[in-house]
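# Structural overview
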Amino acid sequence: MDSNSSVLWLELAVGVIVSFSLLGIFIWAVRQGQFDDSKRQMDGLLFDTTEDLQAAYEKEQKVKELKEKKAKKSVS
Amino acid sequence: MSVVKCDHCALEFDEKVMIKDGEHFFCCNGCQGVYHLLKNDGLDSFYEKKGSNTLEQPIAVGEDSSNFDLESFAARYIKTTTEGFSSVDLIIEGIHCAACIWLNEKVLDSTDGIVEAKINFTNNKAKIVWDEDIIKLSQIIDKIRSIGYNAYPYERSATDKKVTKTNRDYFLRMSVAIFASMNIMMIGVAKYSGFFTGMSQSTLHLVHIAEFIFATPVLFYSGWIFYKGAYFGLKNKIINMDFLVSSGATLTYIYSLYILFGGVGHSYFDSVSMIITFVLVGKYLEVIGKKSAVDTMDKLKMQIPLEATIIKDDGKVTVALDQIVVGDIVELKAGEKASVDGEIISGDSSFDESSLSGESIPVAKQVGDMVYSGTINITNVIRYKAVKNYANSTLNTIVELLEDSLNSKPKIEDTTNELSKYFSITILTLAFLSFMGWYFYDHNFEQALIIGISVIVIACPCALALATPIASLVGISWLTKEGLLFKEAKFIEVFAKATTVVFDKTGTLTKGKFSVFNIDIINKTLTKDEVNILYTLVNSSNHPVSIGVKNYLLAHYKNLEEYTLEDIKQIPAVGMEAVYKKDKIFGGKANLSTKYTTYKFEINGNLIVQFELQDSLKDDAINTINYLKEQGLELIICSGDNQSTVKNIASQLGIEHFKHSMTPKTKAEFISELKNQDKTIVMVGDGINDALALSRSDISIAMGNGADIAIAVSDVVVLNDKLSGLEKSFYISKRTYKFIKQNLLISLIYNTITIPVAMMGYVIPLVAALSMSVSSLLVVGNSMRINNKKYKDKNG
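Because the structure is a prediction, the values reported are computed rather than measured.

### Here's the deal with the overall build of chain B
Counting its secondary structure elements, chain B contains 26 helices and 31 strands. Taken across its 796 residues, chain B has 43% of its residues classed as buried. Across chain B, contacts joining residues at least 24 apart in sequence account for 66% of those joining residues at least 6 apart.

Written out as structure tokens, the structure reads:
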């Protein structure tokens, strides 16, 4: 195997690993239902602002608190 | 007169009718209220997000939201999550754009007690999860209503869940196939360049391995559905296109594996990947169409009221629909929708039956008349006795029949599928004969096997599989440019084979709007006061006849003014009366002996003027009908209207066959009857009443401004609402079908030449690679001629 071929083999291996890893993430997202709403994906990609991301974070925090409260209540 | 935009909904109105609020203009109190609410809550960035989109005026909902807290409602619609929260599926009404979704989610997310509020952009369905200890569902609904939208619950049907799962599954398989094919195409550039410019055997081997890595998931993961389709086809003794695709791709893959692991020549992993991807994209589009139909079906169900008021010994009781039994007395207020079928026992009123008959004129009902579920009581409170329970009532029966039709709509088998049966058997037989012949002639098993497989590889169904989709794609893009939306490519072929066209009348052949064609002024001319009183009277009604008279006045009289009328009363099925400066005025039905609709205007019992009106034909109706007749098609009108009206329209258009007084069910039965006579039926309609018949026909066409459900179940939508779209659809479909047949011929000629060469063992890699590409290119090139500019300019 000459050195040119070795580089090609290495490129192939790296390329396959990277691309299949990304494909794996994509498959996970689809299975989670993240692509059920195709319009939302397009709109989010184009128009989501940092405020929207901040709001999403705050929403997550609020949900977390609500869930904790509910769990405590059901235990007591 | 200047036109200004409403600062909330952005609809344009005459400045005179707008509400001025400081610097702002609003078209109604609803818009004004929502605007201030959003400003106060710091949500005014909604207007930035909305951009130039217009909204509907806020929905004013009179219903009491406490219904959402009823036990019967909870039992049916509310579920409990594993964490102990409550969850409901809703359809949000009034959503137009991404900003509407943003606003609803933002308002709900900021409401205390709501855990999750996720609205789907595509179908406006929402999932709301909340903590029952903090907030009630009725409060959540009120919140949605406060910003000008409305929400209805819906039950996620088994079909909905199944279609969503299938949709996701196909999307994933298609994405994997596209991902792998794009990589293979890039590798293919190197491979084919190397073929002509020289490439070392070790590099070629590397390229083959790379192609193998990407083609394998395409064949076995993305292409799994073709194996499944082929298996079920064989189980039912049918050789279908799935069998052709899966057998061709598998054998090409096996041959390529042989080359990869030591054989001499070129692999065809790229062909395996491309054919699976191409056919899979087509299948995915079909799945999307089905999902959209199911979503719209849920919107139709949303029209069914949540509960009804029934009269018991101890007074009025609100009950869930499935608790109503035959014999119960149901009370229906003005503006409410009937939930079950029944017979009126007290009161009289007029009903909007357009959802069943398609006719916009309200129908007068009195004691003894039947009330049908889904129709709207317009004027007075009535009580009626249920003669059917909810499950057997008209609207629910229509919904169920529609669901059945969607799940089992038979379609004419397309030519490619028909041809693929014979093609597959022929190729497999020839390959087997080649293998046997060479084995007995040469006694070399390996050589005989390679020749056998090369017959299948060279006959790779690329050209055959491309014949229809490529031509259809060109045809569909032309149709789309003309404002004609074909939901699936295969409808082009069925359209071209049509023998009979069945038309709905109102909204399809006619404008669905009344216009005055004859006027009789008793004193020759009308005074200014008479014209303005009449204008004010007709302007206060939404009745189609009043609108027809109003439009006539607007067109023939200048500077119309609205006067102040007092005591305006609707008299069901008769007209309206009011008082103007002590004068008693009346406008309504005239007793003229004519087949047309009439309207008379009286002051203090003295006849002032009377009109004759008719629903006018669409501008392009006559030309379209003449074209269809020239094509030798059988034309039939099928309407819910009375005999004389339908006959009149049929004679104006020169259509011999017509059916009148049809219900949604009889329309559908008529379509089935025609189909039993081996006719290929095109049904053209626009209303909920046509939906069932549309779903039964071979090809259904809905007018763009028709009911959602009609558009959902139809195969073709005429977006610009013009009947001439039908003429263009026929013309383009026929031309496209002609090219599909030519493509199939090219594919067969290609196979007739190359297969004998392969059987003789003369297939060398270069010939195989070139011939496979050339056959596909010929099909693509021929398809491009469909919308040839010169031809299009001359005929299109």
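There is more to say, and it comes next.
### Focus: the interface of chain A and chain B
Counting residues at the interface gives 25 residues for chain A and 24 residues for chain B. Elements with a contribution of two residues or more to the side of chain A that touches chain B: helix 1 (3–31), helix 2 (38–47) and helix 3 (50–75) of chain A. Ranked by the residues each element gives to the side of chain A that touches chain B, the list is headed by helix 1 of chain A, at 10 residues. Of the residues contributing to the side of chain A that touches chain B, the split by class is 13 nonpolar, 4 polar and 8 charged.

### Section: the confidence of the model for chain B
Regions with low pLDDT carry predicted coordinates that are not meant to be interpreted in detail. Averaged over every residue, the pLDDT of chain B is 80; residues scoring 70 or more account for 87%. Note on the complex model: pTM 0.61, ipTM 0.74.

### Notes on the sheet that holds strand 19 (residues 484–486) of chain B
Residues and elements named next belong to chain B. Taken in spatial order, the 7 strands of this open sheet run 19-31-30-29-20-27-28, and their pairing is mixed. Lying at the two open borders of the sheet, with one neighbouring strand each, are strand 19 and strand 28 (657–659). Mean inter-strand twist for the sheet, computed between neighbouring axes without regard to direction, equals 20°.

### Description of the sheet that holds strand 26 (residues 606–617) of chain B
Residue and element names in this part refer to chain B. The sheet built from 6 strands is open, its strands ordered 21-26-25-24-23-22 with antiparallel pairing. Since the sheet does not close on itself, it has two edges, and those belong to strand 21 (510–521) and strand 22 (566–571), each with one partner. Between one strand and the next, the sheet's axes are offset by a mean angle of 20°, whatever the strand orientation. Two strands pair when backbone bridges link them, and strand 25 (residues 597–603) and strand 26 are joined in this way by 7 bridges, in the antiparallel orientation. Looking across to strand 26, one finds that Glu-602 is bridged to Leu-607. Together, strand 23 (575–580), strand 24 (583–588), strand 25 and strand 26 form the strand contacts of helix 17 (residues 528–539), whose direction differs from that of strand 24 by roughly 60°. Helix 18 (residues 544–556) rests against strand 21, strand 25 and strand 26 of the sheet, and its axis sits at about 60° to strand 21.

### Regarding helix 4 (residues 98–109) of chain B
Residue and element names in this part refer to chain B. A rise of 1.5 Å per residue sets the reference length of helix 4, with its 12 residues, at 16 Å; its end C-alpha atoms lie 16 Å apart and thus fit the reference within 8%. Most of helix 4 sits out of view: 10 of its 12 residues are buried. Within the sequence span of helix 4, burial applies to Ala-98, Ala-99, Cys-100, Ile-101, Trp-102, Leu-103, Asn-104, Lys-106, Val-107 and Leu-108.

### Here we look at helix 8 (residues 224–235) of chain B
Two residues of an α-helix separated by three or four positions point the same way, owing to the 3.6 residues in each turn. All names here are of chain B. Taking 1.5 Å per residue as the helical rise, helix 8 with its 12 residues ought to reach 16 Å, and the 16 Å between its terminal C-alpha atoms agrees with that figure. Along helix 8, the residues classified as buried are Ile-225, Phe-226 and Ala-230. With its buried residues spanning 135° around the axis, helix 8 presents them on a single face. Turned more than 90 degrees from where helix 8 packs its buried face, Lys-228, Phe-232 and Lys-235 sit exposed. Following helix 8 by one or two positions, Lys-237 adopts a phi angle in the positive range, close to 60°.

Reading the values: rules and limits
- Residues numbered from 1 in each chain as written.
- Chains lettered and ligands numbered in written order.
- Predicted model: local features only at pLDDT ≥ 70, side-chain atom pairs only at ≥ 80, totals over all residues.
- Helix = DSSP H or I, 4+ residues; strand = E, 2+ residues; numbered from the N terminus.
- Buried ≥ 20, exposed ≤ 12 C-beta atoms within 10 Å, placed from the backbone.
- Contact = placed C-beta atoms within 7 Å.
- Nonpolar A, V, L, I, M, F, W, Y, C, P; charged D, E, K, R; others polar.
- pLDDT = per-residue confidence, 0-100.
- Pairing = 2+ DSSP bridges.
- Axes fitted to C-alpha atoms, helices over the stretch in contact; angles between N-to-C directions.
- Expected span 1.5 Å × (residues − 1).
- Arc of directions from axis to C-beta.

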